[in-house]
Amino acid sequence: MARRATDSEVTSIAEVKQALEVRGLDTSELRPIGIRPPLGAYITQLWHRRAFIWMDSRHRAATQNVKNRLGNVWLILRPLVDSVFYFIIFGLILGGRGDVENYAAFVVIGILTYRSTAAAISQGVSAMTAGKSMIRAFNFPRAAIPLASAVRDTMISVIAVVVMCLVIWMVPPFAPPTTTWVFLPLIFAIHNVLNLGIRFWVARLGFILPDMSQIMSVISRFLLYGSGVIFPIERFVTHPVALAIIEANPLFQVISIYRSLLMDGVMPPLSTWLFTTAVTMGIVVLGFIFFWRGEASYGREQR
């Protein structure tokens, strides 16, 4: 007769099942937790939880400013205030507008686009530590946390893009709608997929090393000044190697496409679209795999 395993002797999944079966319990529906499932199974688990991701995103988007007197009006006011600030400092006081005729539209597009990516960095780096209570309480694919955050910010970004279009249309020297505006949803989708990829990368990095939040704040400022957000890069950067590095930055390309479509009424070259899309897909796919490889560690206490 087989010897019954005690709790101290149970050291593997097989022994856990054997110990339960000896007690007459059905183990057919048991699944191990705290381990990394295969990538295909992991994606399937995420898909099965799409309703949770969607509802969590909607709830957080609707309530994130509930403690403020103006509530979600700040979703409109904050980017406008930032745009006015940078327009005054860099456009009027420092004279950084260069040869840009419609500098108001230039700044508004740059700031509102940048803010979305900056939020992906700042929120993503602390996503796993902020969600540790839910991680310990429930068994679910941990990628749902940065994914839900990305969906929430995409909802908020829709408002920001509408405001951006209205402002550049109504503020002198005016940038009225043209036929190129129909491609706005395409670059909006590429931009938000890029932000999702960034969240996957920084979420795991922030969990491994909590001090990454300090490093990411520096990277975020670098993106502000190194992506042509508030002044034309070519006015201050002339070295070909430096220009090549800046142009390889996907955020720089995304902002440039937004400006070409909305401000200049010009369709960017196909090569620009292909490059930006390829880099974005590389960041999100590799970021997802990088995040998935740490799946088993997210419920552990970091020291």
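Fair warning: this is a prediction, and the values are worked out from it, not measured in the lab.

Q: Teacher, can you tell me more about the packing of aromatic side chains here?
A: Each aromatic ring pair is specified by the distance between its two centres and by the angle formed by the two planes. For the structure shown, the criterion picks out eight aromatic pairs. Measuring from centroid to centroid gives 5.8 Å for Phe200 and Phe291, while their planes differ by 50 degrees, and the two rings are tilted. Of this pair, Phe200 sits in helix α9 (residues 184-208) while Phe291 sits in helix α14 (residues 270-292), and the two are 91 residues apart along the sequence. Here Phe200 matches Phe291 in class, with each residue buried. Counting every residue linked through ring pairs, the aromatic cluster contains Tyr42, Phe200, Phe207, Phe288, Phe291 and Tyr298. The aromatic ring of Phe106 is capped on one face by Arg259, whose charged end is 3.5 Å from the ring centroid.

Q: Even after reading the chapter, I still don't get the nonpolar core, so can you show me in this structure?
A: Burial of nonpolar side chains together is a common tendency in soluble globular proteins. In terms of nonpolar packing, the biggest core is built from 51 residues, with Met164, Ile168, Ile187, Tyr258 and Leu262 touching the most fellow members. At the level of secondary structure, the elements contributing two or more residues to this core comprise α5 (103-124), α8 (144-170), α9, α10 (212-226) and α13 (250-264). Of the residues forming this core, the biggest block, 12 residues, is contributed by α5. Ile135, Ala144, Ile145 and Phe291 belong to the second-largest nonpolar core, a separate cluster that totals 21 residues.

Q: How should I be thinking about the pattern of salt bridges in this particular structure?
A: When charged atoms on two side chains of opposite charge get close, those side chains can pair. Scanning the entire structure with this criterion turns up two salt bridges. The salt bridge partner of Asp153 is Arg199, with a shortest N-O separation of 2.3 Å. Placement of the pair is Asp153 in helix α8 and Arg199 in helix α9, with a sequence separation of 46 residues. Classification of Asp153 by relative accessible area gives buried; the value is 10%. In this structure, a network of salt bridges that share partners links the residues Arg152, Asp153 and Arg199.

Q: Which parts of the structure should I look at to understand α13?
A: Two residues of an α-helix separated by three or four positions point the same way, owing to the 3.6 residues in each turn. Taking 1.5 Å per residue as the helical rise, α13 with its 15 residues ought to reach 21 Å, and the 20 Å between its terminal C-alpha atoms agrees with that figure. For α13, the tally of buried residues reaches 13 of 15 residues, placing the bulk of the element in the interior.

Q: Explain α9 here, please?
A: Taking 1.5 Å as the rise per residue, α9 with 25 residues should run 36 Å; its terminal C-alpha atoms sit 37 Å apart, in good agreement. Within α9, 18 of the 25 residues are buried, which leaves the element mostly enclosed by the surrounding structure.

Q: Explain unusual backbone geometry to me, please; I cannot follow it from the model alone.
A: Among all residues save glycine, negative phi is the norm, and among peptide bonds the norm is trans. With an omega dihedral of 5 degrees, the bond running from Pro172 to Pro173 counts as a cis peptide bond. As for its position among the elements, Pro173 is in the loop between α8 and α9. Even without glycine at this site, Phe174 takes up a positive phi of about 70 degrees. By secondary structure assignment, the location of Phe174 is in the loop between α8 and α9.

Q: I keep staring at the side chain of Arg142 and nothing clicks. Help me out?
A: Looking at the element boundaries, Arg142 is found in the loop between α7 (132-137) and α8. Summary of buried charges: Arg142 has no salt-bridge partner, and the nearest side chain of opposite charge, Glu295, is 4.2 Å away. Apart from the residues within four sequence positions on either side, Arg142 is in contact with Tyr42, Met128, Ile135, Phe291, Glu295 and Tyr298.

Q: Help me out: how do you make sense of the confidence of the model for the chain in this one?
A: Low pLDDT marks regions whose predicted coordinates should not be analysed in detail. When pLDDT is averaged across the chain, the result is 82; 81% of the residues are at 70 or more. Ranking the elements of the chain by mean pLDDT puts helix α1 (residues 13-22) last, at 68, and α14 first, at 96. Under a pLDDT of 50 for its full length, residues 1-10 has, in the predicted model, 11 contacts with residues more than four places off or in other chains.

Q: In this structure, what is going on with the packing of α5 against α9? I would like to understand it.
A: To characterise two packed helices, one gives the angle between the axes of the helices and the distance between these axes. The interhelical angle for the contact between α5 and α9, taken along N-to-C directions, is 20 degrees, at an axis separation of 8 Å. The orientation of α5 with respect to α9, classified from their angle, is roughly parallel. As for how α5 packs across α9, the hand of that crossing is right-handed. On the side of α5, the interface is formed by Thr113, Ser116, Thr117, Ala119, Ala120, Ile121, Gln123 and Gly124, while α9 contributes His191, Asn192, Asn195, Ile198, Arg199, Val202 and Ala203.

Q: For this particular structure, what's the right way to read the environment of Phe200?
A: Take Phe200: its relative accessible area is 4%, and that puts it in the buried class. For the pair Phe200 and Ala127, spaced 73 residues apart in sequence, the C-alpha to C-alpha distance is 9.6 Å. When sequence neighbours within four positions are dropped, the list of residues in contact with Phe200 reads Ala143, Pro146, Val284, Gly287, Phe288, Phe290 and Phe291.

Q: I keep staring at the packing of α9 against α13 and nothing clicks. Help me out?
A: Put simply, α9 and α13 touch, their axes get as near as 10 Å, and they point 165 degrees apart. What the angle tells us is that α9 and α13 run roughly antiparallel. Of the two elements, α9 crosses α13, and the hand of that crossing is left-handed. Of the residues in α13, those touching α9 at Leu184, Ile187, Phe188, His191 and Leu194 are Pro250, Leu251, Val254, Ile257, Tyr258, Leu261 and Leu262. Class assignment for the residues of the contact of α9 with α13 results in 11 nonpolar, one polar and no charged.

The rules behind each value
- Residues numbered from 1 in each chain as written.
- Predicted model: local features only at pLDDT ≥ 70, side-chain atom pairs only at ≥ 80, totals over all residues.
- Heavy atoms only, no water.
- Phe/Tyr/Trp six-rings, centres within 6.5 Å; stacked < 30°, edge-to-face > 60°.
- Helix = DSSP H or I, 4+ residues; strand = E, 2+ residues; numbered from the N terminus.
- Buried < 20%, exposed > 50% of the residue type's maximum accessible area, 1.4 Å probe, protein only.
- Lys NZ or Arg CZ within 6 Å of the ring centre and 35° of its normal.
- Core = buried A, V, L, I, M, F, W, Y, C linked by side-chain atoms within 4.5 Å.
- Salt bridge = Lys/Arg side-chain N within 4 Å of Asp/Glu carboxyl O.
- Expected span 1.5 Å × (residues − 1).
- Lys, Arg positive; Asp, Glu negative; His and termini not counted.
- Contact = heavy atoms within 4.5 Å.
- pLDDT = per-residue confidence, 0-100.
- Axes fitted to C-alpha atoms, helices over the stretch in contact; angles between N-to-C directions.
- Parallel < 35°, antiparallel > 145°, perpendicular 65-115°, else oblique.
- Left-handed = near helix turned anticlockwise from the far one by under 90°.
- Nonpolar A, V, L, I, M, F, W, Y, C, P; charged D, E, K, R; others polar.

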